[in-house]
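Geometric and topological summary
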Number of protein chains: 4
Amino acid sequence: MPLAIMCSGGDAPGMNPAIKKFVDYLYEKGEKPYFVYNGLDGLIDGKIHPATHKDVGGILHRGGAIIRSSRSKRFYEYEYRKQAYENLKKHDITGLVVLGGDGSFRAMEKMSQEFPLNFVGIPTTIDNDIYGTDTCLGVDTALNVIRDALDKIRDTASTFSRAFVVEVMGRECGYLAVVSAITSGAEICLVPEVDFNWHVAREHLKREIRHGRNYVLAIVAEGTKMTFDIADWLENDIGMETRVTVLGHIQRGGSPTVNDRMLAFECTIRAVDHLLSATSSNKVVVVENGNFGMKEIDEIVNNKYQIDPELLGMLNRLD
Amino acid sequence: MPLAIMCSGGDAPGMNPAIKKFVDYLYEKGEKPYFVYNGLDGLIDGKIHPATHKDVGGILHRGGAIIRSSRSKRFYEYEYRKQAYENLKKHDITGLVVLGGDGSFRAMEKMSQEFPLNFVGIPTTIDNDIYGTDTCLGVDTALNVIRDALDKIRDTASTFSRAFVVEVMGRECGYLAVVSAITSGAEICLVPEVDFNWHVAREHLKREIRHGRNYVLAIVAEGTKMTFDIADWLENDIGMETRVTVLGHIQRGGSPTVNDRMLAFECTIRAVDHLLSATSSNKVVVVENGNFGMKEIDEIVNNKYQIDPELLGMLNRLD
Amino acid sequence: MPLAIMCSGGDAPGMNPAIKKFVDYLYEKGEKPYFVYNGLDGLIDGKIHPATHKDVGGILHRGGAIIRSSRSKRFYEYEYRKQAYENLKKHDITGLVVLGGDGSFRAMEKMSQEFPLNFVGIPTTIDNDIYGTDTCLGVDTALNVIRDALDKIRDTASTFSRAFVVEVMGRECGYLAVVSAITSGAEICLVPEVDFNWHVAREHLKREIRHGRNYVLAIVAEGTKMTFDIADWLENDIGMETRVTVLGHIQRGGSPTVNDRMLAFECTIRAVDHLLSATSSNKVVVVENGNFGMKEIDEIVNNKYQIDPELLGMLNRLD
Amino acid sequence: MPLAIMCSGGDAPGMNPAIKKFVDYLYEKGEKPYFVYNGLDGLIDGKIHPATHKDVGGILHRGGAIIRSSRSKRFYEYEYRKQAYENLKKHDITGLVVLGGDGSFRAMEKMSQEFPLNFVGIPTTIDNDIYGTDTCLGVDTALNVIRDALDKIRDTASTFSRAFVVEVMGRECGYLAVVSAITSGAEICLVPEVDFNWHVAREHLKREIRHGRNYVLAIVAEGTKMTFDIADWLENDIGMETRVTVLGHIQRGGSPTVNDRMLAFECTIRAVDHLLSATSSNKVVVVENGNFGMKEIDEIVNNKYQIDPELLGMLNRLD
């Protein structure tokens, strides 16, 4: 029973290890693996090809995804979803593994309601903004890329009295910012989920500076759109020479960490096993308290991810 | 109620984040933190000093441990344990956080049976060979240091037809080797827990080489003491030019990963909370299925860690 | 004859290796080394202390500078320079090694015209904007930190059709941007020294995109202040989804490269030898065509650094 | 006039940037670039193919060489060299760029005396053991990979009283060991070029240990074959717990440094320009005191590289 794997939406480290395991595991099972190139657009345009061991040689340590990814406006139209289905049908593919976020899962769910097709989603995004799972493929690598950048800034921070503002990714979710702030001991962390109390922060910093603090590290989630506001505030209100770093896409690159590789393998095996089982249906592979499970698409896409309050509690308190 | 923190046995990345959290958290609680320098030897020699915020500034991203560690023969003698206790008593310290392995926990348990003293152990070793916990402080960093080394070898492996033998740490435990082999796609993995079938491996490799394989990566756990045997075998029996890498102490260095920092924080908070509680007693902080817990020293030190069979099952099968 | 070392202006990787060599080499010579902490401000405030081997243990691989640096407005006033001189006199220090840029050299030159004091400047800045020397302490490390960031972006670039704009440091000098663009194969490079031809670039990119190019990497020198203009242009005129990275102070951090450590050692030895020589006078240590030399302060501070035209010629030509 | 590029002998970081520049630059010149795959063996077997821009996309930051390399016994026989020449002739290739060491240059020289063929050698080896040039392609990257490993060991060294022995590559040449020892501040450095005075070293270390030294770092060049002897000596004679690291092929991997990329570009451009010139003849591109030049094959292959005595003088003196 032929299965295909596809990446959809923003890329994340860990996609390549998942792609490799998909191919190796299907051959081990005696089944035929296919690649859908270029995500949903490739599905519409029939960019579907058989996958070989050779295709996945030496990709474990590469960032990105060898089968590429995309976002697709066309996929919102029935005609194009129909075309996508027929492309799969040509190869007798009735099951898909989809590496992506809830947007991609929603799109696939719609398609699979219209046509006889099952898929299993593997939550894949560095933003860690997907409901129902503790972590997503790519998060651990992104956090350690950020860590490496913050280590470099720390290294030099104490040389010169200065404030550093570092913007990290996460779209509407502050997870990357919170964990980065906790593990780098940042003095300030701005996230969309929490209001920033300028007054309290000012009093706190002024007091600390009086007590000898000579630098400040502020982590800002891109979702707050306040990176340059906080920089101005530190420069003018707090009176520290301030430097801004916007990490951007560096956070999506780099060799996947050991955790992300293991996560990719574990999720892919579960996704394939489910698609090959008699009772196959649409699911998302999740991790809860360190245990793997399967959840309904609806539950995943109809709820909003919330940061664990205990995590927020571990931030340096400004009081 | 004054508490002290001590490192004992081999060092591991993550000790410094634990030390920093110990100091910051105790001050937050209004308690007085102490450092025991040089492990058990320092305890005997009274190297016990109050800890300040300043002591732990800018250490989060440093490998090693600023309070140093040691192994101690003297501690086996009652006289020295008595002396160690009296040193703690001078500072009214009745509770200790101990970063180390089961040997250290056993030693401390003995002492606390003889004198009114409680301690909480935080499993800290890159070898991941401690019973009752899924992971230990330092393991994630060590795995990613190994990964970085293997990525470099992979990068160049396909340029030249060759076999690479890489020895990783772990003492009697094959965990580092197994996870490294799985996540780097190594063809061969030798660990103390599993007999290596030379005949099957030879047939397997010969067949793969006939089918075009032009390099082999073998991960060997130091505990097998077979690093150079396997290299000779690859060179002479299999007939591939072979190169050996012995990673050694590189695996204990490097900036702690985000996971190891979070683990250090979580364990230290739990250890301190327990020592400050009325019902305090000797415990070890553990992680099971992603959940934190506390276990009796006896259970930890009287059982042997076993690698999860499912992990062994994920190794490339040589058949 | 006691000598002191001081850092002045922006910090750069390589300062610590220079500081270590300064101490070790003076002891080797039987002379007494001093540290001036906090740069020119520390000189004014008498933050001058004897340096020991212990002070410089384990600092070779640390970014930043253990003796800190600063910029000083007070130093423009004679009264403060007089005070600074008297602080040095207390310790019979008549020679200084100064790690900094031309601004710092100019300030020290003024002081040494007013008081019996010699200094040797070691060009230290990641910006590589000092006349008369091919390279400055810190440049090689900064270039490789940028390289590491660009490698991560390249890794993922081909996964998704996108444009990446990366802002690098260099103040008014485009050196870091030019070398980074050449060695990363960037399609676009904006520097203060060269006018950017929007029209030609547009035609070029449009043509390349028609021929299948699916991503663009643009390196922008901070001195152009055009980072976000070019991003808008790529997004709107060229029509590619665009992401911005502002590397900021990451470029000043990280462990000094082997080249920067060797450069630090070589320059420090020459600086010390000159200050200890009978004919000592104010100089700057320079590197020309791979050879070390000494130049007059005037020549260094009264001329403007120009990027080698041959280097500019190696940029991807947009025609 | 069609030209080909070939890698021969051990691989080194920087080969891919040279390969990319070769292709891009020849197209810029309106000439046709060819790849010889698998080195001299591939030359004999006719593995010669036209190269396209697409072949060299996204390889700048990859270690190894996409056209692979090899050593060849067959090439010693006239018949095979004749066959190799005829393979080139089929494509009208009369000029080759050869990335390799003196062994490869000698082999090509022989061939080009027998047949109408010119080549330019680019010294490419991490061992830096080629006469007539200050540096070779790959050396800077290898030195920084070693540095990164030594930084990790330093990080943890002071935590535990211990000696660390690190074996680095270099075949019969001690260059990598010497520069690594200088820039990491190693206490001991063993190279083939210098006799190691066991007695003096023992007295020196004993004295330092009495004065409080608690760890020793020893860098050993593989050419000395003394890695494990020195480890035994440190363990038993000096009496320090000792750990061995054999870096092995990690030193040939990793993303090429900025210096190695620039060196690759500069050498390739000069090699191509020379081969396209009317007066073309066999040469090797060299770097002397930071200046590029061309030398005769004979001079390169008939002399032995010597480490700069000044470099040896910068090693920690054991007296």
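Residues numbered from 1 in each chain as written. Chains lettered and ligands numbered in written order. Predicted model: local features only at pLDDT ≥ 70, side-chain atom pairs only at ≥ 80, totals over all residues. Heavy atoms only, no water.

1. A short note on the sheet that holds strand S10 (residues 283–288) of chain B
Residues and elements named next belong to chain B. The strand order across the open sheet formed by seven strands is S3-S2-S1-S4-S5-S10-S11, and the pairing between neighbours is mixed. Because the sheet does not close on itself, it has two edges, and the strands there are strand S3 (48–50) and strand S11 (291–295). The average undirected angle you get between the axes of adjacent strands in this sheet is 25 degrees. As paired strands, strand S4 (residues 95–100) and strand S5 (residues 118–123) are joined by six bridges and run parallel to one another. (Pairing = 2+ DSSP bridges. Helix = DSSP H or I, 4+ residues; strand = E, 2+ residues; numbered from the N terminus. Axes fitted to C-alpha atoms, helices over the stretch in contact; angles between N-to-C directions.)

2. Focus: the interface of chain A and chain B
Listed as interface residues are 34 residues of chain A and, on the opposing side, 34 residues of chain B. In total, about 2700 Å² of surface goes out of reach between chain A and chain B, with carbon and sulfur atoms giving 55% of it. For the chain A face of the interface with chain B, the top three residues by lost area are Thr183(A), Val258(A) and Met314(A), together amounting to 22%. Viewed at the interface, chain B and chain A are joined by two salt bridges. Across the pair Asp151(B) and Arg261(A) runs a salt bridge, and its minimum N-O distance is 3.1 Å. At the surface where chain A touches chain B, the tally comes to ten residue pairs in polar contact (both at pLDDT 80 or more). For the side of chain A that touches chain B, the secondary-structure elements that each account for two or more residues are helix H5 (139–157), helix H6 (175–184), helix H9 (258–276) and helix H11 (309–313) of chain A. If you tally residues by element for the side of chain A that touches chain B, the top one is H9(A), at eight residues. A class-by-class count of the residues in the side of chain A that touches chain B yields eleven nonpolar, eleven polar and twelve charged. (Contact = heavy atoms within 4.5 Å. Buried area = accessible area lost by both parts, 1.4 Å probe. Salt bridge = Lys/Arg side-chain N within 4 Å of Asp/Glu carboxyl O. Polar contact = N/O pair within 3.5 Å; in protein donor to acceptor, adjacent residues only side chain to side chain. Nonpolar A, V, L, I, M, F, W, Y, C, P; charged D, E, K, R; others polar.)

3. Comments concerning the domain arrangement of chain A
Residue and element names in this part refer to chain A. Domain annotation of chain A identifies domain 1 (3–138 + 256–304) and domain 2 (140–252). One C-alpha centre belongs to domain 1, the other to domain 2; they are set 35 Å apart. Of the residues lining the interface, twelve residues belong to domain 1; the matching set on domain 2 comes to twelve residues. Between domain 1 and domain 2, roughly 1200 Å² of surface is buried when both sides are summed, and carbon and sulfur atoms account for 45% of that area. Along the contact surface separating domain 1 from domain 2 lie two salt bridges. Residues Arg171 and Asp127 are paired through a salt bridge, measuring 3.2 Å at the closest nitrogen-oxygen approach. Counting the contacts that link domain 1 with domain 2 gives eleven residue pairs in polar contact (both at pLDDT 80 or more). (Domains from an automatic or database assignment.)

4. Details of the pattern of salt bridges
Tallying each qualifying case throughout the model produces 96 salt bridges over all chains. With a shortest N-O distance of 2.7 Å, Glu288(A) and Lys295(A) are connected by a salt bridge. Take Glu288(A): its relative accessible area is 36%, and that puts it in the partly exposed class. Residue classification places Lys295(A) among the buried positions, given a relative accessible area of 11%. For Arg74(B), the salt bridge identified is with Asp41(B), shortest N-O distance 3.2 Å. Linking Arg74(B) in the loop between S3 and helix H3 (78–90) with Asp41(B) in helix H2 (residues 39–44), this pair joins segments that are 33 residues apart in sequence. On the basis of relative accessible area, Arg74(B) is assigned to the partly exposed category, the value being 26%. Several salt bridges converge on common partners, so that one network encompasses Asp11(A), Arg71(A), Arg162(C), Glu241(C) and Arg243(C). (Buried < 20%, exposed > 50% of the residue type's maximum accessible area, 1.4 Å probe, protein only.)

5. Some thoughts on unusual backbone geometry
You will see that Arg171(A), though not glycine, has its phi angle at about 45 degrees, which is positive. Inspection of the secondary structure assignment puts Arg171(A) in the loop between strand S6 (162–168) and H6. The backbone of Asp92(B) shows a phi angle near 60 degrees, a positive value even though the residue is not glycine. Assessed through its relative accessible area of 54%, Asp92(B) is described here as exposed.

6. Side note on helix H6 (residues 175–184) of chain C
Note: α-helices contain 3.6 residues per turn, so residues at a spacing of three or four share the same orientation. Among the ten residues in H6(C), ten count as buried, and that is most of the element. Of all the positions in H6(C), only Tyr175(C), Leu176(C), Ala177(C), Val178(C), Val179(C), Ser180(C), Ala181(C), Ile182(C), Thr183(C) and Ser184(C) are classed as buried. Against the buried residues of H6(C) lie helix H5 (139–157), strand S6 (162–168), strand S7 (188–190), strand S8 (215–221) and helix H11 (309–313) of chain C together with helix H9 (258–276) of chain D. Downstream of H6(C) by one or two residues, Gly185(C) has phi in the positive range, about 65 degrees.

7. Examining the relation of the copies chain A and chain C
With an axial shift of 0.0 Å and an RMSD of 0.0 Å, the rotation relating chain A to chain C amounts to 180 degrees. In the structure described here, the two chain copies are related by an operation that fits a two-fold rotation axis. Across chain A, the rotation axis passes nearest the C-alpha of Val246(A), at a separation of 2.3 Å. Mapped onto chain C, 100% of the interface residues of chain A are again interface residues, and the two copies thus contact each other with one and the same surface. (Least-squares fit on C-alpha atoms with pLDDT ≥ 70 in both.)

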